[in-house]
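Breakdown of the fold
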Amino acid sequence: MAFEDQRTTVYKVDPEHPESETLPALRTEELLLNMGPQHPSTHGVLKVIMELEGERVVKSTPVMGYLHRGVEKLAEDGTYHQFIPHTDRLDYVCAMYNNFAYCRAVEKLLDLKVPDRAEYLRTIVAEVQRIIGHLFWLSAQALDIGAMTVFFYCFRDREILLDWFDELCGARLTTSWYRIGGVERDLTPSLISKLKAFLDYFPPKIDEYQVFLEKNRIWLARTKGIAVISAEDAVNFGLSGPTLRGSGVDYDLRKYEPYSAYPKCEFSVPVGKNGDTYDRYWIRMMELYESVKIIKQCLEQMEEGPVMAEVPSVTFPPKQRVFTNLESMIQQFKLFSQGFKAPPGEIYCGTEAHKGELGFYIVSTGGGKPYRLKIRAPSFIHMGAFDHMARGYMISDACTIFGTYDIVMGECDR
Amino acid sequence: MHQLAKRIQESFTSGFVSASEWRGDVAVTVTRDKVHDIAEFLRDDPGMAFDYIVHVSSVDWPDDEERFEVVWEFYSIRKRHRLRLKTRVPESDCVVDSLTDLWKGADFMEREVYDMMGIRFRNHPDLRRILLPDDFAEGYPLRKDFPLRGKGWRDTFEFLDEQP
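Throughout what follows, the structure given in this document is the object of discussion. Since the model is a prediction, treat every value here as computed from it, not as a measurement.

1. What to know about the overall build of chain A
For chain A, the helix and strand inventory stands at 18 helices and 8 strands. Counting across all 414 residues of chain A, residues that qualify as buried make up 48%. Nonlocal contacts in chain A, meaning residues at least 24 apart in sequence, comprise 70% of its contacts between residues at least 6 apart.

Here it is as structure tokens:
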């Protein structure tokens, strides 16, 4: 506590005679600080205007939109299939889950049943994406707080899975592997054996990350009791995912409104108690174990079968057939050039992505393009609670809060 | 009619307009002046208990008399049910009550609706543009009469490497 001592000696005031103080009165005023838009720990381009009292945040106003590309407007100008690559660019760190959420929403609009094997594949890949997302989150959050080593370890393991994605669909980040009615292609035996090898390799690595952080005094000091939000407030702000579960609210759409192959798998949803950054960290670490469990069960239960629904007016025919069969070629051509017509109506479909509830609200008037498509982006809604969560904490804790939301500005600004 | 919609109709005979259920989604359309009262009822009534706001959205129907439709989606974590609340707003008087006093999360969501569709929310604490710049002068991009490529503001930008 050397710092404290120094301060008391310099500004020593006799409590009996405060007027005897010889030093000039300290000038105090609130300071306005612009954090961002170019700041390494804002996870993209985000500006926060902070009113400070010393180093404490009194009020903060997020300024967003630097990455706004008008995705919702673009959706109104393309067919339903054409929007899938746009969803990759929402949360560009975890494209698979965006594809998944969007395809599910369109399937709900069309009332389309996806084959069993495709459901299992979707769940497997979604959980692989969750692992990638959490690894990316952990590395970024640890780096923001100053733990550099974890960053390299996480990226080492993330790289294995990105290479796996590369082999699966030819892309590492902007994957577009999900299709309306199924998935683009099946897993090859090589992919399955690689995934199984990873599942054996990975759980000890999670323990390793935890050893790095949970025995680290700096990490504990900077996460425990930081950015606390109560359960009522978290629900009231519309938070979701680990950010909500950290406050002790057991809300997970995989359990509440089971979809895909999740109801056939046994897994638990970790829930925190204190609502602080540490609990949200702990939840994500536990979710890594759960994801491994889910993938293992899916690989065991999965049976042979088609990976795409057979609805010629909506789904693509297998590629081999397109080159040999006239009808399939016409079907492919019509779907690519005109798309399909969706029945008039409106639906909302939420999916539990690793950041929170990623939802699509689609209004159709019976045409080949969505009349209105609204994206419920968890990052955007989490930013709404930023001011509430940052009040009273230090400037450096603001970085922790960006990290604890797992914010990605591509999704936030759309 | 779904029982949630029926409860709303019974409690608010004057504000209730219509209800629909499609693909498992329950949607209730109400009149504009009753939105805040009904939302408060949805949140506080023990049978409803909608504690969670999912999203606020808007749809433009240029051919209709009341042009805009504002959409709220609520979820009840305690009761595990979902409801969509809708109301119509005419273009000449583009205002609807804000729900920020009931759900704090509505703050940013309503700002986004204002930014994109130009619907103002009465009693909103800080109704400014959120994604577009404050000096964006072209109007509201998600309206159907807004061209996909914008109205030409972008062409007036000067870029450093641009050759004259």
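Here the narrative resumes, following the displayed structure.
2. A short note on the overall build of chain B
Helices and strands together make up the secondary structure of chain B, namely 3 helices and 7 strands. Counting only C-alpha atoms and orienting by the principal axes, one finds that chain B spans roughly 65 × 30 × 30 Å. Taken over 164 residues, chain B has a buried fraction of 40%. Taking the intrachain contacts of chain B between residues at least 6 apart in sequence as the baseline, contacts between residues at least 24 apart amount to 48%.

3. A look at the sheet that holds strand S4 (residues 68-75) of chain B
Residues and elements named next belong to chain B. Spatially, S1-S2-S5-S4-S3 is the arrangement adopted by the 5 strands of the open sheet, whose pairing is mixed. Looking at which strands have only one partner, the edges of the open sheet turn out to be strand S1 (16-22) and strand S3 (52-60). Adjacent strand axes in the sheet meet at a mean angle of 20°, parallel and antiparallel pairs treated alike. As paired strands, strand S2 (residues 25-30) and strand S5 (residues 82-89) are joined by 4 bridges and run parallel to one another. Looking across to S5, one finds that Ala 27 is bridged to Arg 84. On top of the sheet, helix H1 (residues 3-11) reaches S1, S2 and S5; it is set at about 15° to S2, its chief contact.

4. Considering the environment of A:Ser230
Within the secondary structure, A:Ser230 sits in the loop between helix H8 (217-223) and helix H9 (231-236). Residues A:Ser230 and A:Gln82, spaced 148 residues apart in sequence, show a C-alpha to C-alpha distance of 41 Å.

5. Comments concerning unusual backbone geometry
Residue and element names in this part refer to chain A. The residue Ala 227 is not glycine, and still its phi comes out positive at about 55°. Residue position: Ala 227 is located in the loop between H8 and H9. Here Ala 227 falls in the buried class, since 27 other C-beta atoms lie within 10 Å of it. The phi torsion at Ser 260 lies on the positive side, around 50°, for a residue other than glycine. Topologically, Ser 260 is positioned in the loop between helix H11 (253-256) and helix H12 (277-301).

6. What about helix H3 (residues 106-117) of chain B?
The terminal C-alpha atoms of H3(B) lie 16 Å apart, and with 12 residues this matches the ideal 16 Å at 1.5 Å per residue to within 8%. Tucked into the core, H3(B) has its buried residues touching helix H15 (378-384) of chain A together with S3, S4 and strand S7 (120-122) of chain B. After H3(B) finishes, the residue B:Gly118 shows a positive phi value of roughly 80°.

7. Quick notes on the sheet that holds strand S6 (residues 345-352) of chain A
All names here are of chain A. Across the sheet, 3 strands lie side by side as S6-S7-S8; this open sheet has antiparallel pairing. Each end of this open sheet is capped by a strand with a single partner; those strands are S6 and strand S8 (372-376). Strand-to-strand twist in this sheet, taken as the mean axis angle between neighbours without regard to direction, amounts to 10°. In this sheet, S8 lies alongside strand S7 (residues 357-364) in antiparallel orientation, the contact comprising 5 bridges. By the bridge assignment for S8, Ile 362 is matched with Leu 373. The strands that helix H4 (residues 95-110) touches are S6 and S7; relative to S6, the one it contacts most, it runs at about 145°.

8. Re the packing of helix H5 (residues 116-145) of chain A against H12(A)
Residues and elements named next belong to chain A. In contact at an axis separation of 9 Å, H5 and H12 are set at 160° when each is read in the N-to-C sense. Taken together, the axes of H5 and H12 lie roughly antiparallel to each other. Of the two possible hands of crossing, H5 and H12 adopt the one that is left-handed. Counted together, Tyr 120, Thr 123, Ile 124, Glu 127, Val 128, Arg 130, Ile 131, His 134, Trp 137 and Leu 138 of H5 and Arg 284, Glu 287, Leu 288, Ser 291, Ile 294, Ile 295, Cys 298, Leu 299 and Gln 301 of H12 form the full contact between these two elements. Classifying every residue of the contact of H5 with H12 by side-chain character gives 11 nonpolar, 4 polar and 4 charged.

9. Side note on the interface of chain A and chain B
Facing 31 residues of chain A, the contacting portion of chain B comprises 25 residues. Broken down by secondary-structure element, the contributors of at least two residues to the side of chain A that touches chain B are helix H2 (71-75), H9, S6, S7, S8 and H15 of chain A.

What counts and what doesn't
Residues numbered from 1 in each chain as written. Chains lettered and ligands numbered in written order. Predicted model: local features only at pLDDT ≥ 70, side-chain atom pairs only at ≥ 80, totals over all residues. Helix = DSSP H or I, 4+ residues; strand = E, 2+ residues; numbered from the N terminus. Buried ≥ 20, exposed ≤ 12 C-beta atoms within 10 Å, placed from the backbone. Contact = placed C-beta atoms within 7 Å. Pairing = 2+ DSSP bridges. Axes fitted to C-alpha atoms, helices over the stretch in contact; angles between N-to-C directions. Expected span 1.5 Å × (residues − 1). Parallel < 35°, antiparallel > 145°, perpendicular 65-115°, else oblique. Left-handed = near helix turned anticlockwise from the far one by under 90°. Nonpolar A, V, L, I, M, F, W, Y, C, P; charged D, E, K, R; others polar.

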